[in-house]
Amino acid sequence: MASFSGVQQSKDLATTWSELVAGIDQIMNNLSEGLSYKKWMELYTLIYNHCTSSRMNAASTTEPLAPMNVNRGANLMGADLYSHLKTYLKTHLQTLNLDADTTSEEELLLRYVKEWDRYTSACVYVNHIFRYLNRHWVKREIDEGRKDVYEVYTLTLVTWRDYFFHFQGHGQGQTKLMSAVLRLIQKQRDGETIDTSLVKKVSESFVALGLDETDTAKGNLEAYKTYFEAPFLAKTETYYRMESEKFISENTITDYMKKAEARLLEEENRVQMYLHSDTQKPLINTCVNVLIKSHTGPIQEEFQTLLDQDKLEDLSRMYGLLSRVPESLDKLRQIFETHVRKQGLSTVEKVAESAAEAAAAEDEDEDEDAPKKKSAKKKAGEVDPKNYVDALLVVHQKFAKLCSDAFKDDTGFVASLDKACREFVNRNKVCRESSSKSPELLAKYADAVLRKSNKVAEENGMENALNNVMTVFRYVEDKDVFQKFYQMHLSKRLVFATSVSDDMEETMISKLKEACGFEFTSKLQRMFTDVGVSKDLNDQFRQQMDRTHDKEDLTDFYILVGGTAQWPLHAPNTHFNLPDDLLKTYERFQQFYSHKHTGRKLNWLFQHAKGEVKTHYVKAGKTPYTLLVTLYQLGILLQFNTATSYTHEELEGATGLNEDVLKGQLGTLVKSKLLLSSNGKIGPGSKYDLNMQFKSKKLRIKLDQPVRTEQKQESDSAHKNVEEDRKMVIQAAIVRIMKTRKAMNHSSLIAEVIQQLAARFKPQVPDIKKCIDILLEKEYIERMEDQKDMYSYIA
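Residues numbered from 1 in each chain as written. Predicted model: local features only at pLDDT ≥ 70, side-chain atom pairs only at ≥ 80, totals over all residues. Heavy atoms only, no water.

1. Some thoughts on the overall build of the protein
A count of helices and strands for the protein gives 31 helices and 9 strands. Residues counted as buried form 45% of the 795 residues belonging to the protein. Just so you have it, the protein exposes about 41,500 Å², and 49% of that area is on carbon and sulfur atoms. (Helix = DSSP H or I, 4+ residues; strand = E, 2+ residues; numbered from the N terminus. Buried < 20%, exposed > 50% of the residue type's maximum accessible area, 1.4 Å probe, protein only. Areas by Shrake-Rupley, 256 points an atom, 1.4 Å probe, with all protein chains shown as cover.)

Right, dumping it as C-alpha cells:
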C-alpha cells in the first residue's frame, strides 16, 4: 500500500496536511463537482502513510495530543491529523453564516436545511478517507478513556453543534429556526399543504446532534427534546386548547368527538411523517389532556342520550376517546349499569302486562268463578317461560353486543352489564313476590328446549338454545331453586321418554357441572345411571316372561326403577285399584324384582304411569283410535269394557281414586267427548256414558296432559323442599365455619355464611339466625360466657 499513486511514503506533517486540506476543501465546499476515486485514494493514502510512519521529525509535530512514546508506534501519529481536522471543521463552520438576525424564518429554515444537507453529505466522505485513523488511533484513544475524542463523523456533528448550531444569531438561531418549523406545522394543521421534508430534516438534524458524553459510540435525544420537542409540545397544547374551546362551543358533542378523533389520528400520522418515534407518547398525552380530559364533563353528559338513541358508532367513538383518560370511564359504567337495569325491568314488565292482558281476555269468555281463579294465578306472576326468558335474553344480547362492538369488551363495562343483569333477572315485576320465580321459569324453559319437537331449538338451534339457558342461569341467584325444578322436569322427561336426545341432556348437565361443580349435578347424573340400569332390568324381565308365559298372556310393559335419593318424585296422594288387565303383570314384576334384589322395596308411583288403549267400539274408517292416557284414565276407561254407563260413585268405588283426582281425570275424558256427562257436570250425582259416536281428525289422541292442580302442587312441593334443603345447607355451612375458626362473633359468622353460600343461593339473615339458634339447641356451638355476641365450636 506504500506505493499507491507513487506518493512519497513519509512526509512531514505540514506537507501532508497542506495536501490533505486541499482535498478536504474540495469535499466540504464543492462536493457537487464530484470526487474521483483516484483523488479519494490519494487522500486516504496520505493519511495511511502519515499514521504508519515511524520516522516523524519531532520538530514538525505540532500540538501532539499525547506524549511521544516509541512503544505506541503508528497510533501516535494520528494525534496531529485529528487536531488539524478539528481546527479545520471549526474554522469552516465559523465561515458559514445564516444571518439568523436579519433573515426571515422561512428563508432561515431553507438555508439551514440546505447547509445541513451539504455539510452532512460532505462529512460522510471525510469520514471515509479518515477511516484508517478511526480504526486505529481514534479507537485506541476511546478505549483508553478519552472523552474528548470521537470518530471523525461524530466529530463533525459535535463541531456543528458547538460552533454553528448554538452560535447562529447570538444563540437565538435555533429558536428562530424552531419558530419557522412550528409555523410550518401549524399551516399543515390548518389544512394547507407543506413541504414535510423540511420539518423532517430539521427533526433529524436535532436528533443527530444528541451525543451521550458517557459513551461516544451512543447518541441521545437531549438536543432534540430540548430545542425541538419541548417548543413543539407547548405550541401543540396552545393550538388545540384554542381550537377545542371554540369548536365545542359552536358544535354538538358528537361532532366534537369526530373532530377530536380525527385530530388524534392526524398527530399519530405526524409522528410517522417527520417526528422521532419517542415524541409519540408525550404528543398524544398532550393532545389527550387538551382535547379530551379538559372536556370530559360535556362528553360524559352526552353518554345517556347516545344510549337512548342506540348510537353505536358514536358510543364506540366516545369510548375510544375517554378510554385514554381511564378515570373518566367510571361515570360511564355507572350510567350504563343503570340504563341496562331499567331496560331489563321495563322489558320484563311488558311481558308481565302482556300475560295479564291475555288472562283478562280469556276471563271474558269464562263464567264468574273461573276469572277469579285465573286472575289470581296471573297475579302471582304466571307468565310463559319462553316469553320471559326470551325477554331477558333480548336485553342481555343487545347490551353484550354493545359491550363487544363499542366498548371492546372492557372489563369494567362487562362487570356493569353483569351487575345490571343480575338485578333485573332476580328483582323484576314477575319476581316481585319471590326471587325464586326466575329460576323456576328458566327451568321450565330448559325443559321446553330439551323436549321432543320443541320450537325453541327449531328456531335457534339446540346448542345455541342451551347456551341461552346458561347465559340466564349465570345471573340467577337462587341456583338451588333452578336445580330442584330442573331435576323435577328431567325426571319427567326420563320417565315419559320425551327427551330430545340423551346427548343433549348430557351436554346440558356438563354445562351445569362446569358452572357449579360436581355436587350440583351428581343427582342428575345418577338419574341417567338408573335409566340405563332399568333398560337392562326390562330386558331381563321380558326374557324371563317369554320363557315362562305365552305371548297372548303378556302385556306390553316397561318400567323405570329409580333410587328415592336422586328422583324428586313423591308417593301418590290417592289410593288406586289396578285394573285386572294389569294386575298380573304387576304381580309378576314384583316377584321378579324381589327375587333379584332381596331386601329392596318398590314404591309404585301410579300417578306418573301412562299407557295406550285402542277404541275397538268406534273407528276412523277401519282403524281404531289409539288413546294416550294416564294410568288413572286407563283405569276409568277399562271399566267401560263391562258396561257403557257408570255413575260418579260407581267409578269412584271401582278405581279407588279420591274425589279430587277422579274429578280431574274425568274432566279430561269428558272434555275430549270420549265420555258424556248426563247433567253436563263432573262430580257426585253425575252419570257418564261412553260416547258411541266419538269422532276425531287424529288417529292418536293425547289425553295424558297434566292437570293444573297437579302442576301447582308439584311447584309448591318443590319450593317447600328448597326451603327445607336450605335450612340444612345453612346449618352445615355454620358448622363447617365454626369448626375451622373455633370462635367467631355474630356479625362475622353471618357475613361468612352469606359469602360461602352466595354461589348457590342468597341466604336471608333471619334464616341464618334461626339456624344458629337450632345449632345452639343441638349443642354444636355455644355462646361464650364473657361475650354474648361470640360463639365457640363444641368439639
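2. As for the packing of aromatic side chains
Any two aromatic rings considered together are summarised by their centre-to-centre distance and by the angle between their planes. The tally for this structure, following the rule as stated, stands at 36 aromatic pairs. Look at F206 and F228: their rings are 5.8 Å apart centre to centre, the planes differ by 80°, and that puts the pair in the edge-to-face class. Within this pair, whereas F206 is found in helix α8 (residues 196-208), its partner F228 is found in helix α9 (residues 222-250), the two being separated by 22 residues in sequence. Its relative accessible area of 0% is what places F206 among the buried residues. On the basis of relative accessible area, F228 is assigned to the buried category, the value being 0%. Between F589 and W604, the ring centres sit 6.2 Å apart and the planes meet at 80°, which makes this aromatic pair edge-to-face. With a gap of 15 residues between them, F589 in helix α25 (residues 580-596) and W604 in the loop between α25 and β1 (610-620) connect regions that are remote in the sequence. Of the residues examined, F589 reaches a relative accessible area of 0% and is grouped as buried. Grouping aromatic residues by their ring pairs yields a cluster made of F541, F557, F576, Y586, F589, F592, Y593, W604, F606 and Y632. (Phe/Tyr/Trp six-rings, centres within 6.5 Å; stacked < 30°, edge-to-face > 60°.)

3. Structural notes on unusual backbone geometry
If you check the backbone angles, K408 has positive phi at about 55° while not being a glycine. With respect to the element layout, K408 can be found in the loop between α17 (385-405) and α18 (411-426). Of the residues examined, K408 reaches a relative accessible area of 52% and is grouped as exposed.

4. Considering the sheet that holds strand β4 (residues 675-677)
The strands that make up a sheet are held in pairs by hydrogen bonds between backbone atoms, and each pair lies either parallel or antiparallel. Strand order in the open sheet formed by 3 strands is β3-β5-β4, with antiparallel pairing between adjacent strands. In this open sheet, the two edge strands, each paired with only one partner strand, are β3 (645-647) and β4. Taken pair by pair, the neighbouring strands of this sheet meet at an average axis angle of 25°, ignoring direction. In this sheet, strand β5 (residues 687-690) lies alongside β4 in antiparallel orientation, the contact comprising 3 bridges. Looking at β5, one finds that S677 is bridged to Y688. Each of β3 and β5 touches helix α27 (residues 648-655); the most contacted strand, β3, lies at about 90° to it. Across the sheet, helix α28 (residues 659-671) lies against β4 and β5, angled at about 105° from β4, the strand it touches most. (Pairing = 2+ DSSP bridges. Axes fitted to C-alpha atoms, helices over the stretch in contact; angles between N-to-C directions. Contact = heavy atoms within 4.5 Å.)

5. Describing the packing of helix α1 (residues 13-30) against helix α2 (residues 37-52)
Between α1 and α2, the least distance of the axes is 10 Å, while the angle of their chain directions is 145°. In this structure, α1 crosses over α2, and the sense of that crossing is left-handed. Here L13, T16, E19, L20, G23, Q26 and I27 of α1 come into contact with α2, specifically with K39, L43, L46, I47 and H50. Residue classes in the contact of α1 with α2 are distributed as 6 nonpolar, 4 polar and 2 charged. (Left-handed = near helix turned anticlockwise from the far one by under 90°. Nonpolar A, V, L, I, M, F, W, Y, C, P; charged D, E, K, R; others polar.)

6. A look at the pattern of salt bridges
This structure, assessed with the given rule, holds 47 salt bridges. Salt-bridge contacts for R317 lead to E313; the nearest nitrogen and oxygen are separated by 3.2 Å. Within this pair, R317 and its partner E313 are both found in helix α14 (residues 312-322), separated by 4 residues, close to a single helical turn. According to the relative accessible area criterion, E313 is exposed, its value standing at 57%. When salt bridges with common partners are traced through the structure, they connect R189, E243, R263, E266, E267 and R270 into a single cluster. (Salt bridge = Lys/Arg side-chain N within 4 Å of Asp/Glu carboxyl O.)

7. Some points on a negative patch on the surface
Taken together, the side chains of E779, E782, E785 and D786 make up a negatively charged region of the molecular surface. Positionally, D786 belongs in the loop between β8 (781-783) and β9 (790-793). (Patch = residues over 30% accessible without salt bridge, like charges linked within 9 Å, V, L, I, M, F, W, Y side chains within 5 Å. Lys, Arg positive; Asp, Glu negative; His and termini not counted. Charge placed at Lys NZ, Arg CZ, Asp CG, Glu CD.)

8. What to know about the nonpolar core
I24, Y112, F130, F228, F303, F336 and F407 are the most contacted members of the largest nonpolar core, which has 160 residues in total. The element contributing the most residues to this core is helix α4 (residues 105-129), with 10 residues. Ignoring sequence-local partners within four residues, the contact set of F336 consists of F303, L307, F399, L402, C403, F407, F413, S416 and L417. V561, L578, L657 and F694 belong to the second largest nonpolar core, which has 41 residues in total. (Core = buried A, V, L, I, M, F, W, Y, C linked by side-chain atoms within 4.5 Å.)

9. Brief notes about the pairing of strand β2 (residues 623-630)
Along β2, 7 of the 8 residues are buried, which leaves the element largely enclosed by surrounding structure. Here β1 runs beside β2; their pairing, made up of 8 bridges, is antiparallel. Bridge pairing in β2 links E612 to L628. With 3 bridges joining them, β2 and strand β6 (residues 700-702) adopt parallel strand pairing. Looking at β6, one finds that L628 is bridged to K702.

10. Here we look at helix α5 (residues 131-143)
For the α-helix, the turn length of 3.6 residues means that residues three or four positions removed from each other point alike. The terminal C-alpha atoms of α5 lie 17 Å apart, and with 13 residues this matches the ideal 18 Å at 1.5 Å per residue to within 8%. Among the residues of α5, Y132, L133, N134, W137, V138 and E141 are the ones counted as buried. Residues of α5 that are buried in the fold lie against α2, α3 (78-95), α4 and α6 (152-165). Immediately downstream of α5, the backbone of G145 shows phi near 95°, a positive value. (Expected span 1.5 Å × (residues − 1).)

11. Quick notes on the confidence of the model for the protein
Reading predicted coordinates in detail is not appropriate for stretches of low pLDDT. With 89% of its residues at a pLDDT of 70 or more, the protein has an overall mean of 85. Predicted confidence for residues 55-75 stays below pLDDT 50, and this span has 35 contacts to residues more than four positions away or in other chains. Here residues 367-381 scores under 50 on pLDDT; set against residues more than four positions off or in separate chains, the count is 14 contacts. (pLDDT = per-residue confidence, 0-100.)

12. Some points on the side chain of Q633
Its location among the elements puts Q633 in helix α26 (residues 631-639). For Q633, a relative accessible area of 0% gives the class buried. Of the polar contacts made by the side chain of Q633, one reaches the backbone oxygen of L703; its length is 3.0 Å. Residue contacts for Q633: discarding those within four places in its chain leaves Q665, T668, L669, L703 and D704. (Polar contact = N/O pair within 3.5 Å; in protein donor to acceptor, adjacent residues only side chain to side chain.)

13. Some words on the sheet that holds strand β7 (residues 743-745)
Across the sheet, 3 strands lie side by side as β7-β9-β8; this open sheet has antiparallel pairing. Only two strands of the sheet have a single partner each, and these edge strands are β7 and β8. Mean inter-strand twist for the sheet, computed between neighbouring axes without regard to direction, equals 30°. As paired elements, β7 and β9 share 3 bridges and run antiparallel to each other. Note that in β9 the partner of A743 across the bridge is S792. Sheet strands touched by helix α30 (residues 746-757): β7 and β9. Its angle to β7, the strand with the most contacts, is close to 95°. Running at roughly 100° to β8, helix α31 (residues 765-777) makes contact with β8 and β9 of the sheet.

14. Points about the state of the cysteines
Applying the stated rule across the entire model yields 0 disulfides. Free cysteine C421: the closest other cysteine sulfur is in C403, separated by 8.9 Å. (Disulfide = S-S within 2.5 Å.)

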